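# Chains, contacts and geometry: an overview
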Amino acid sequence: GDNIIQDVALAINETRYAAALELIAEGELREFVCDEESSEAREYARQIYDIDQQNLQWYKAITYMRMGKWIKAKRILKDISASDGIYKFEAQRALDLM
């Protein structure tokens, strides 16, 4: 990917939540594109894309929590905790604390 994940994290850290949500929406709309010929390179690119999408979901939940939008955050956290993604346990922990 590019720096969208870093840009989202920076926007959240700077309490620019509307900007963070705009970047997240932009990232979620991106489709997987890969010019690589080899199946290994395509698989690696797919994994990076999938991780970026998981990061965007996690940051969306964090943004909503920081905004005090608990219902929206809870909905996203439930989806994340029901997945086999990289934030599964963090999402469940956040739900348990709500």
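Throughout what follows, the structure given in this document is the object of discussion. None of the values given here were measured: they were computed from a predicted structure.

## Quick look at the pattern of salt bridges
Opposite charge on two side chains allows them to pair when their charged atoms are near. Overall, the coordinates contain 4 salt bridges when judged by the stated rule. Glu 26 is paired through a salt bridge with Arg 30; the nearest N and O atoms lie 3.1 Å apart. Note on Glu 26: relative accessible area 40%, which makes it partly exposed. A salt bridge links Asp 50 to Arg 46, with the nearest nitrogen and oxygen atoms 3.7 Å apart.

## Looking at the packing of aromatic side chains
Enumeration over the complete set of coordinates arrives at 2 aromatic pairs. Taking the centre distance of 4.9 Å and the plane angle of 5° together, the rings of Trp 58 and Tyr 87 count as stacked. On the criterion of sequence distance, the pair formed by Trp 58 in helix H3 (residues 39-67) and Tyr 87 in the loop between helix H4 (70-81) and helix H5 (88-97) is long-range, its members being 29 residues apart. This pair shows no difference in class: Trp 58 is buried, exactly as Tyr 87 is. Here the guanidinium or amino end of Arg 46 rests over the ring plane of Phe 32, the centre of that ring lying 4.1 Å away.

## Side note on the packing of helix H2 (residues 17-29) against H3
For any two helices packed against each other, the geometry comes down to the angle between their axes and how far apart the axes lie. Look at H2 against H3: their axes get within 10 Å of each other, and the N-to-C directions meet at 155°. For the element pair H2 / H3, the angle class is roughly antiparallel. Relative to H3, H2 is oriented so that their crossing is left-handed. Residues Tyr 17, Ala 20, Leu 21, Ile 24, Gly 27 and Glu 28 of H2 form the contact with H3, whose own contacting residues are Gln 53, Leu 56, Gln 57, Tyr 59, Lys 60, Thr 63, Tyr 64, Arg 66 and Met 67. Here the residues of the contact of H2 with H3 sort into 8 nonpolar, 4 polar and 3 charged.

Each value, and the rule that gives it
- Residues numbered from 1 in each chain as written.
- Predicted model: local features only at pLDDT ≥ 70, side-chain atom pairs only at ≥ 80, totals over all residues.
- Heavy atoms only, no water.
- Salt bridge = Lys/Arg side-chain N within 4 Å of Asp/Glu carboxyl O.
- Buried < 20%, exposed > 50% of the residue type's maximum accessible area, 1.4 Å probe, protein only.
- Phe/Tyr/Trp six-rings, centres within 6.5 Å; stacked < 30°, edge-to-face > 60°.
- Helix = DSSP H or I, 4+ residues; strand = E, 2+ residues; numbered from the N terminus.
- Lys NZ or Arg CZ within 6 Å of the ring centre and 35° of its normal.
- Axes fitted to C-alpha atoms, helices over the stretch in contact; angles between N-to-C directions.
- Parallel < 35°, antiparallel > 145°, perpendicular 65-115°, else oblique.
- Left-handed = near helix turned anticlockwise from the far one by under 90°.
- Contact = heavy atoms within 4.5 Å.
- Nonpolar A, V, L, I, M, F, W, Y, C, P; charged D, E, K, R; others polar.

Any functional reading would require information that these geometric values do not contain.
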